[in-house]
Amino acid sequence: MQYRRFGKLDWKVSALGFGAMRLPTTDGKAANIDQEKVDEMIHTAVDGGVNYFDTAYVYHDQKSEASLGKALKGGYRERVRIADKSPVWLIKEAGDFDRFLDESLTRLQDEAIDFYLLHSLNNDHWTKIKELGLLRRAEKAKADGRIRHIGFSFHDNRDTFKRIVDGYDGWDFCQIQYNYMDVDFQAGTEGLRYANSKGLAVVIMESLRGGKLAADLPATRPLWESSAKKRTPADWAFHWLWNQPEVAVTLSGMSTLEQVKQNIAAANESGIGSLSEAELAMFPQARELLEALSPIPCTACEYCLPCPNGVAIPRNFAVYNEAAMYNDLAGSRNQYKYWIPDDQKAARCIQCEECLSKCPQHIQISTWMPVVEEVLG
């Protein structure tokens with residue numbers, strides 16, 4: 001296993017981190033985790049050098065933490081560090097922070113969480129954190145030993161990301177969605193480098209965009225096959241991340257023992273600056289090939305916003321386009337259902353056509369919105 005600098009901390013993290021969000025189940029239901037398989041996967045990961053395990057209060061219908069805690073018994077816990085997350089959107093009053101933290105510790109059967117994140121921060125959640133004084137709560141939990149380091153995970157735009165990074169001097173790390181398709185999405189490459197310049201370790205989630213970049217996509221297959229170095233699509237995506245010095249650890253939400261073994265093998269070959277110029281040149285080409293499959297030519301310039309009825313126009317278009325780009329209608333329907341609030345969905349469009357004159361791409365937005373809702377809703 002290759003190890004990397006973790007921000008300003010005097011500790012090195014494995015290139016590959018284990019995300020406990022997509023654990024194997026007995027019947028396809030999130031809460032019914034197959035503990036026997038989880039134990040084997042996690043023991044294999046630890047024995048293979050993985051030392052960073054990521055979970056959250058809400059994962060697997062609130063069963064992930066307990067499953068991870070069980071799997072790390074028998075001496076494995078002492079060999080790793082655990083990252084867990086506070087469900088900020090569920091917090092209604094300041095005392096809820098401690099209640100959720102204590103519940104997580106009970107589920108993990110542990111006395112302390114190494115890395116504790118404020119989960120899924122955006123502008124609204126950041127406002128709540130400041131209003132309720134949750135960072136003071138986190139500092140008290142750090143002082144009494146229940147947590148060791150404070151960080152946050154993020155889902156919003158780049159300006160909000162920078163504001164959060166600069167809004168608290170006690171951050172040790174952050175977690176962002178980042179992959180070769182998301183260089184300008186959310187925090188993006190600029191946010192990655194900004195956080196790193198501030199001394200934060202940057203943990204990468206959605207390395208494979210929910211598994212989409214691990215698929216053998218017809219559009220990009222000839223590109224990967226043209227390389228002298230033979231790798232799977234997933235391996236290429238991981239190595240693109242590991243090539244960058246600002247990346248501390250790349251999470252993978254592994255669901256099978258075979259995935260664990262394959263990802264460990266890839267991580268063993270990882271390294272900063274390990275890709276050649278010719279190999280690096282493939283990734284912009286892959287991005288262009290996939291983006292060319294988008295049926296709606298939206299560039300997310302946001303000139304159409306604000307919509308008078310609250311529709312998140314570029315976000316709806318992006319999720320619709322991804323169904324075609326990755327041949328994954330089910331995945332886009334899942335994103336539409338859970339990640340776009342009901343008051344921002346395409347269904348809210350009333351065809352007022354106020355947006356039409358604002359779109360530089362001359363997209364017939366009010367015509368497309370019913371299509372988006374019919375396909376994804």
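Everything quoted here is computed from the prediction, not taken from an experiment.

A. Inspection of the overall build of the protein chain at higher detail. Counting its secondary structure elements, the protein chain contains 16 helices and ten strands. For a compact globule of 377 residues, the expected C-alpha radius of gyration is about 21 Å, and the protein chain comes in at 21 Å, within 12% of that figure. Dimensions of the protein chain, computed from C-alpha atoms along their principal axes, come out at roughly 60 × 55 × 45 Å. When the 377 residues of the protein chain are sorted by exposure, 53% land in the buried category. Restricting the contact set of the protein chain to residue pairs at least 6 apart, pairs at least 24 apart contribute 76%.

B. Looking closely at the packing of helix α1 (residues 35-47) against helix α3 (residues 64-71). In contact at an axis separation of 9 Å, α1 and α3 are set at 60° when each is read in the N-to-C sense. It follows that α1 is oblique to α3 by the angle criterion. As for the relative orientation of α1 and α3, their crossing is right-handed in sense. Note on element contacts: α3 touches α1 through Ser67, Leu68, Lys70 and Ala71, opposite Gln35, Val38, Asp39, Ile42 and His43. Residues that form the contact of α1 with α3 fall into these classes: four nonpolar, three polar and two charged.

C. Molecular detail of the sheet that holds strand β8 (residues 173-177). Spatial strand order, β3-β4-β5-β6-β7-β8-β9-β10: eight strands in a closed barrel with parallel pairing. The average angle at which neighbouring strand axes cross in this sheet is 30°, direction not considered. Direction of pairing for strand β6 (residues 113-121) relative to strand β7 (residues 147-154): parallel, over a ladder of six bridges. When the bridges of β7 are listed, Leu117 appears paired with Gly151.

D. Structural view of the nonpolar core. Residues Phe18, Phe152 and Trp171 are the most contacted members of the largest nonpolar core, which totals 83 residues. Sorting elements by how many residues they give to this core places helix α10 (residues 233-242) first, with seven residues. Contact partners of Phe152, with chain neighbours within four places excluded, come to Leu117, Leu118, Leu121, Phe161, Ile164, Val165, Trp171, Phe173, Cys174, Gln175 and Leu200. Core analysis: the second largest hydrophobic core is formed by 19 residues, Cys304, Val319, Tyr320 and Cys355 among them.

E. Representation of the pairing of strand β9 (residues 201-205) in the model. Among the five residues in β9, five count as buried, and that is most of the element. Strand direction decides the pairing type here: β8 and β9, joined by five bridges, are parallel. Within β9, the position partnered with Gln177 by the bridge is Met205. Traced from β8 through helix α8 (residues 188-197) to β9, the parallel crossover comes out right-handed. Direction of pairing for β9 relative to strand β10 (residues 247-252): parallel, over a ladder of three bridges. Counterpart to Ile204 in the pairing with β10 is Thr250.

F. A look at unusual backbone geometry. A cis geometry characterises the amide bond from Leu305 onward to Pro306, with omega recorded as 0°. If you trace the backbone, Pro306 turns up in the loop between α13 (282-291) and α14 (313-325). The backbone of Glu206 shows a phi angle near 55°, a positive value even though the residue is not glycine. The residue Glu206 is located in the loop between β9 and α9 (221-225) in this model. Residue Glu206 is classed as partly exposed on the basis of its relative accessible area of 23%. You will see that Ala300, though not glycine, has its phi angle at about 60°, which is positive. With respect to the helices, strands and loops of the structure, Ala300 is situated in the loop between α13 and α14.

G. Quick peek at the pattern of salt bridges. Taken as a whole and assessed by the stated rule, the structure comprises 26 salt bridges. The shortest N-O distance in the salt bridge between Lys85 and Asp54 comes to 2.7 Å. Taken together, the positions of Lys85 in strand β5 (residues 81-86) and Asp54 in strand β4 (residues 52-54) put the pair 31 residues apart, joining distant regions of the chain. Of the two residues examined, Lys85 and Asp54, each falls in the buried class.

H. Inspection of α14 at higher detail. Taking 1.5 Å of rise per residue, the 13 residues of α14 would be expected to cover 18 Å, and the 18 Å separating its terminal C-alpha atoms lies within 8% of that figure. For α14, a buried count of ten out of 13 residues is recorded, marking the element as mostly surrounded by other parts of the structure. Next to the buried residues of α14 lie α13, α15 (329-339) and α16 (365-376). Looking one or two residues past α14, Asn327 carries a phi angle of roughly 50°, positive in sign.

I. The arrangement of the pairing of β5 in detail. Here β5 lies mainly inside the structure; five of its six residues are buried. Sheet topology note: the β4/β5 ladder contains three bridges and is parallel. Across the sheet, Tyr52 pairs through a bridge with Arg81, a residue of β5. The pairing of β5 with β6 spans four bridges and is classified as parallel. Looking at the pairing, Ser86 lines up with Leu118 of β6. In this fold, the crossover linking β5 to β6 by way of helix α4 (residues 95-108) has right-handed handedness.

Reading guide: rules and limits
Residues numbered from 1 in each chain as written. Predicted model: local features only at pLDDT ≥ 70, side-chain atom pairs only at ≥ 80, totals over all residues. Heavy atoms only, no water. Helix = DSSP H or I, 4+ residues; strand = E, 2+ residues; numbered from the N terminus. Rg over C-alpha atoms; globule rule 2.2 N^0.38 Å. Buried < 20%, exposed > 50% of the residue type's maximum accessible area, 1.4 Å probe, protein only. Contact = heavy atoms within 4.5 Å. Axes fitted to C-alpha atoms, helices over the stretch in contact; angles between N-to-C directions. Parallel < 35°, antiparallel > 145°, perpendicular 65-115°, else oblique. Left-handed = near helix turned anticlockwise from the far one by under 90°. Nonpolar A, V, L, I, M, F, W, Y, C, P; charged D, E, K, R; others polar. Pairing = 2+ DSSP bridges. Core = buried A, V, L, I, M, F, W, Y, C linked by side-chain atoms within 4.5 Å. Right-handed = clockwise from strand over helix to strand, strands pointing away. Salt bridge = Lys/Arg side-chain N within 4 Å of Asp/Glu carboxyl O. Expected span 1.5 Å × (residues − 1).

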